[in-house]
Amino acid sequence: MARDVQITFDCADPAGLAAFWAEALGYQVQAPPGGFPSWDEALAAMGVPPERRNDASGLVDPEGTRPRLFFQRVPEGKQAKNRVHLDVRAAPGVEGEARMAALEAEAGRLVSHGATRLSRHEPDPPLGSGHLVMADPEGNEFCLD
């Protein structure tokens with residue numbers, strides 16, 4: 001039986017982290033329920049107090065083909081290296097120095113949105129094509145691949 005997948009991030013600032021990943025992946029904030037022009041108005045109508053309105057945020061792929069991303073506030077901060085991480089395919093089919101230049105350009109763009117560059121791994125043929133290790137604004141590691 002086929003199943004849909006949602007990727008969930010535990011974080012301190014769901015709206016902020018969702019905004020970063022929307023920029024990184026070309027996603028958009030999930031629309032509020034029908035009849036509401038904004039999430040703030042929908043949450044107010046549901047009786048959610050203002051201090052709880054950033055407890056969660058959802059992103060969807062505008063084309064509807066990639067998994068939904070969900071960001072939920074948790075009280076504890078990140079404690080250790082991620083056991084699962086995202087590989088952002090920023091240079092598929094590109095090899096060598098052109099690949100690394102494309103990855104560097106994307107790293108620069110994401111740093112301007114709050115990411116941190118952690119390390120660079122040079123191409124090592126035949127199996128290693130080179131990648132960059134990054135962290136999102138809350139320190140979750142991901143690769144530019």
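(A) Quick look at the packing of aromatic side chains. Taken as a whole and judged by the stated rule, the model has five aromatic pairs. Measuring from centroid to centroid gives 4.7 Å for phenylalanine 9 and phenylalanine 71, while their planes differ by 20°, and the two rings are stacked. Of this pair, phenylalanine 9 sits in strand β1 (residues 6-11) while phenylalanine 71 sits in strand β4 (residues 68-73), placing them 62 residues apart in sequence. Taking the centre distance of 6.1 Å and the plane angle of 55° together, the rings of phenylalanine 20 and phenylalanine 142 count as tilted. Residue phenylalanine 20 is located in helix α1 (residues 14-25), and its partner phenylalanine 142 is located in strand β8 (residues 141-144); the two are separated by 122 residues in the primary sequence. Grouped by ring-pair contacts, the aromatic residues Phe9, Phe20, Trp21, Phe71 and Phe142 constitute a single cluster.

(B) Looking closely at α1. Spanning twelve residues, α1 covers 16 Å between terminal C-alpha atoms, matching the ideal 16 Å at 1.5 Å per step. Among the residues of α1, those classed as buried are Pro14, Leu17, Ala18, Phe20, Trp21, Ala22, Ala24 and Leu25. On its buried side, α1 packs onto β1, β3 (56-60), β4, β5 (86-88), α3 (96-111) and β8. Glycine 26, located one to two residues past α1, shows a positive phi value of around 75°.

(C) Seen up close, the pattern of salt bridges. Counted according to the given criterion, the structure contains twelve salt bridges. Between arginine 109 and glutamate 23 there is a salt bridge, with its nearest N and O atoms 2.5 Å apart. In this pair, arginine 109 is assigned in helix α3 and glutamate 23 in helix α1, connecting sequence segments 86 residues apart. Residue glutamate 23 is classed as partly exposed on the basis of its relative accessible area of 35%. Between glutamate 141 and lysine 78 there is a salt bridge, and its shortest N-O distance comes to 3.4 Å. Separated by 63 residues along the polypeptide, glutamate 141 in strand β8 and lysine 78 in the loop between β4 and β5 bring together distant segments of the chain. Through salt bridges with shared partners, a single ionic network connects Glu104, Arg117, Arg120 and Glu122.

(D) Seen up close, α3. Taking 1.5 Å of rise per residue, the 16 residues of α3 would be expected to cover 22 Å, and the 23 Å separating its terminal C-alpha atoms lies within 8% of that figure. Listing the buried residues of α3 in full gives Arg99, Met100, Leu103, Glu106, Ala107 and Leu110. For α3, the angular spread of buried residues about the axis comes to 125°, placing them on one side. For α3, the exposed residues lying more than 90 degrees away from the buried face are Glu97 and Ala105. Packing partners of the buried residues in α3 comprise α1, β6 (116-121), β7 (131-135) and β8.

What counts and how
Residues numbered from 1 in each chain as written. Predicted model: local features only at pLDDT ≥ 70, side-chain atom pairs only at ≥ 80, totals over all residues. Heavy atoms only, no water. Phe/Tyr/Trp six-rings, centres within 6.5 Å; stacked < 30°, edge-to-face > 60°. Helix = DSSP H or I, 4+ residues; strand = E, 2+ residues; numbered from the N terminus. Expected span 1.5 Å × (residues − 1). Buried < 20%, exposed > 50% of the residue type's maximum accessible area, 1.4 Å probe, protein only. Contact = heavy atoms within 4.5 Å. Salt bridge = Lys/Arg side-chain N within 4 Å of Asp/Glu carboxyl O. Arc of directions from axis to C-beta.

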